[in-house]
Amino acid sequence: MFGYVLPFKAEMKVREWYAYRAYYCGLCKELKREYGFLSRFLLNYDLVVPALLADGIAGIQAQMCPERCIANPVEKRPMCQSTEGLRLAADSLVLTVYYKLCDDLADERFLRRLPSLLLRPFLRTMHRKAAARRPELDEVLRVQTHAQQQLEARQSRSFDEAADPTARMTAALFAQACPGNRAVERMGLFMGKIIYYLDAAEDYEKDIRSGAYNVFALNGLSRQEAILQVQHLCRLCAGEAALAYNLLDPGPCRALLDNIIFLGIPQSISLAGQDRSRKKNAHAEL
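Sequence positions are assigned chain by chain, starting from 1 and proceeding in written order. Given that this is a predicted model, residues contribute local features only at a pLDDT of at least 70 and side-chain atom pairs are listed and counted only at 80 or more, while totals for whole chains, interfaces and linings are drawn from all residues. Computation of side-chain values covers all heavy atoms of the structure but excludes hydrogens and water.

> Explain the overall build of the protein chain residue by residue, including any values.
Counting secondary structure elements, the protein chain contains 12 helices and two strands. The C-alpha atoms of the protein chain give 18 Å as radius of gyration, which agrees with the globular expectation for 286 residues (19 Å, within 12%). Scored against the burial criterion, the 286 residues of the protein chain give a buried share of 53%. Looking at the protein chain alone, contacts between residues at least 24 apart form 71% of all its contacts between residues at least 6 apart. Here the Shrake-Rupley method, with its probe set to 1.4 Å, supplies the accessible areas, and only the displayed protein chains count as covering residues. Of the roughly 13,500 Å² that the protein chain leaves accessible, carbon and sulfur atoms contribute 54%. Charge separation in the protein chain, taken as the distance between the mean sites of 38 positive and 33 negative side-chain charges, equals 5 Å. Every helix listed is a DSSP run of H or I at least four residues long, and every strand listed is a run of E at least two residues long, numbered separately from the N terminus. We compute the radius of gyration over the C-alpha atoms and compare it with the globule rule, which gives 2.2 Å times the number of residues raised to the power 0.38. Relative accessibility under 20% of the residue-type maximum defines a buried residue, over 50% an exposed one, and the middle range a partly exposed one, all with a 1.4 Å probe and only protein chains included. Note on contacts: a residue pair qualifies if any of its non-hydrogen atoms lie within 4.5 Å across the two residues. Only four residue types enter the tally: Lys and Arg on the positive side, Asp and Glu on the negative side; His and the chain ends are excluded. Lysine's charge is taken at NZ, arginine's at CZ, aspartate's at CG and glutamate's at CD.

Here you go:
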C-alpha cells in the first residue's frame, strides 16, 4: 500500500541513513508489540514521516539499540525504542490499512476481493484497539472512506475532488502528531494529495483493464498524459507542503525530514507511474 514518501539515500549522511532505518525498524517492532506478529506485514514507509514529526516537534531524541529481528536474524541493526511518534504511526497504520481494505471490498469484483475478505477478520481485531486509542482519527477515516466511495460512484472527473478524501485523512493523521498545529495539518493535506495522485498514476493501466475508477483515465488522458498531469499536480502540492513544513521546528528530526520533503518526494514525483522495483532502486532499499 502506497510507499511514496521516502528519503533520498544518495544525499544522506551515513548516520542519517541509520537513524531513518532505525525508525523504520522501530515501527515494525512497535507494530508487533502492540498488534501482534501479523501486523508487521502492514509496514509502510509513509508512516515514518508522522512518527518523525511527532517526536521532532516534541523535542524527543529517540533511543536506539542494536537488535536482531526476523528480517535480519544474524546481524544486529540500530532500532528505535518505543516513542510517542512510533505509537502514533503504528495506530495510524492499522487504521489506514483497515479502511483501505474496506474500500477495496466495496470496489473490487469478487475474485479480487478474496484476499481482502481473508484479511478482514485479522484486521478487525487490530482496528478495534487502534480506534479506541485514536477515536477522532478513526471517525475521519470512516467518513472520508465513505466520501471516496460516493465520488467514485458518481464518476467525478475533478482531480482535486478525487484526491480530497485521501488528503483529509492524511491531514487528520498528521494533526495527531501535534494537535492544534495548523501547519502540520496543512502539510498532511498536501502530502495526502501527492500520495493519491502518485497511486493513481501507478494504477492507471491496472484500472483501465479492470474498469476501476481512475480520475485521469476518466478524463480521457493517455498513460503518458496522465503521468505528466500527475507530476504537475504533485509539484504544486509539494510546494504547498514544503511551505507548511518550513513553519515547523522538527528539532532532532530535521535532517531526516528535510531530506524526505525536499529531495525524496521530488524523486518520487519524477518516477510517477513507474513500477516499484525502479522506484526502490532510485531511492535505495532499506
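Still more to cover.
> Tell me about the packing of aromatic side chains, and name the residues and values.
The criterion for an aromatic pair is that two Phe, Tyr or Trp rings (for Trp, the six-membered ring) have centres within 6.5 Å, with stacked assigned to planes under 30 degrees apart, edge-to-face to planes over 60 apart and tilted to the rest. What the rule picks out here adds up to eight aromatic pairs. Where Trp 17 meets Tyr 20, the ring centres are 6.3 Å apart and the plane angle is 20°; that geometry is what we call stacked. On the criterion of helical spacing, the pair formed by Trp 17 and Tyr 20 is a turn pair, its members being three residues apart in helix H1 (residues 14-35). Across this residue pair, the class does not change: Trp 17 and Tyr 20 are buried. Taking the centre distance of 6.1 Å and the plane angle of 65° together, the rings of Tyr 197 and Phe 216 count as edge-to-face. Of this pair, Tyr 197 sits in helix H7 (residues 182-202) while Phe 216 sits in helix H9 (residues 215-218), and the two are 19 residues apart along the sequence. For the pair shown, Tyr 197 and Phe 216 are each scored as buried. By the ring-pair criterion, three or more aromatic residues cluster together here, those being Phe 159, Tyr 196, Tyr 197 and Phe 216.

> Quick one: what's the story with the environment of Tyr 35, residue by residue and with numbers?
The topology assignment puts Tyr 35 in helix H1. Given a relative accessible area of 10%, Tyr 35 falls into the buried group. Measuring from C-alpha to C-alpha, the distance between Tyr 35 and Asp 91 comes to 9.0 Å, with 56 residues separating the pair along the chain. Discounting chain neighbours no more than four positions away, the residues touching Tyr 35 are Ala 90, Asp 91, Val 94, Met 126, Lys 129, Ala 130 and Arg 133. Any pair of nitrogen or oxygen atoms within 3.5 Å is treated as a polar contact; in protein, a donor-acceptor pairing is required on top of that, and neighbouring residues in sequence qualify only through side-chain atoms on both sides. Within polar-contact distance, the side chain of Tyr 35 engages the side chain of Asp 91 at 2.6 Å.

> I'd like to hear about the pattern of salt bridges, residue by residue, with values.
Between Lys or Arg on one side and Asp or Glu on the other, a salt bridge is scored when a side-chain nitrogen of the former is within 4 Å of a carboxyl oxygen of the latter. On inspection of all chains with the given rule, the structure shows 17 salt bridges. Here Arg 223 and Glu 205 are joined by a salt bridge, their closest N and O atoms 3.5 Å apart. Placement of Arg 223 in helix H10 (residues 223-245) and of Glu 205 in helix H8 (residues 204-210) is noted, with a sequence separation of 18 residues between them. Residue classification places Arg 223 among the partly exposed residues on the basis of a relative accessible area of 31%. The network of salt bridges with shared partners includes Glu 34, Glu 84, Arg 87, Asp 91, Lys 129, Arg 133 and Arg 134.

> Explain the packing of helix H5 (residues 135-153) against helix H6 (residues 159-175) residue by residue, including any values.
Viewed as axis vectors pointing N to C, H5 and H6 meet at an angle of 175°, and their least axial separation amounts to 9 Å. Between H5 and H6, the interaxial angle falls into the category roughly antiparallel. Between H5 and H6, the residues in contact are Leu 137, Val 140, Leu 141, Gln 144, Thr 145, Ala 147, Gln 148 and Leu 151 and Glu 161, Ala 162, Pro 165, Thr 166, Arg 168, Met 169, Ala 172 and Leu 173, respectively. For helices, the fitted axis covers only the stretch in contact; all axes are lines through C-alpha atoms, and the angles between them, taken along N-to-C directions, range from 0 to 180 degrees. An angle counts as roughly parallel when it lies under 35 degrees, as roughly antiparallel when it exceeds 145, as roughly perpendicular when it falls between 65 and 115, and as oblique in every other case.

> A description of the nonpolar core should follow, citing residues and the corresponding values.
The criterion is simple. A nonpolar core is a set of buried Ala, Val, Leu, Ile, Met, Phe, Trp, Tyr and Cys residues joined through side-chain atoms within 4.5 Å. Counting 89 residues, the largest nonpolar core has Tyr 23, Met 187, Met 191, Tyr 197, Phe 216 and Ile 265 as the members making the most contacts within it. For Phe 216, the contacting residues outside a window of four places in its chain are Phe 159, Tyr 197, Ala 200, Tyr 204, Leu 221, Ala 226, Gln 229, Val 230 and Leu 233.

> I'd like a rundown of H5, residues and numbers included.
To estimate how far a helix should extend, the number of its residues minus one is multiplied by 1.5 Å. With 19 residues, H5 extends 27 Å from end C-alpha to end C-alpha; this agrees with the ideal 27 Å at 1.5 Å per step. When H5 is considered as a whole, its buried residues turn out to be Leu 137, Asp 138, Leu 141, Gln 144, Thr 145, Gln 148, Leu 151 and Glu 152. Taken end-on, H5 shows its buried residues confined to a sector of 155°, consistent with a single buried face. Along H5, the residues that are exposed and aim more than 90 degrees away from the buried face are Glu 136 and Ala 153. Within this analysis, the arc is defined by the directions that extend from the helix axis to the C-beta atoms.

> Mind laying out the side chain of Arg 134, listing which residues take part and the relevant values?
Looking at where Arg 134 falls in the secondary structure, it is placed in the loop between helix H4 (110-133) and H5. For Arg 134, a relative accessible area of 11% puts it in the buried group. Side-chain polar atoms of Arg 134 contact the side chain of Gln 176, separated by 3.5 Å. Among residues more than four places away in sequence, those in contact with Arg 134 are Glu 84, Arg 87, Leu 88, Asp 91, Leu 95 and Gln 176.

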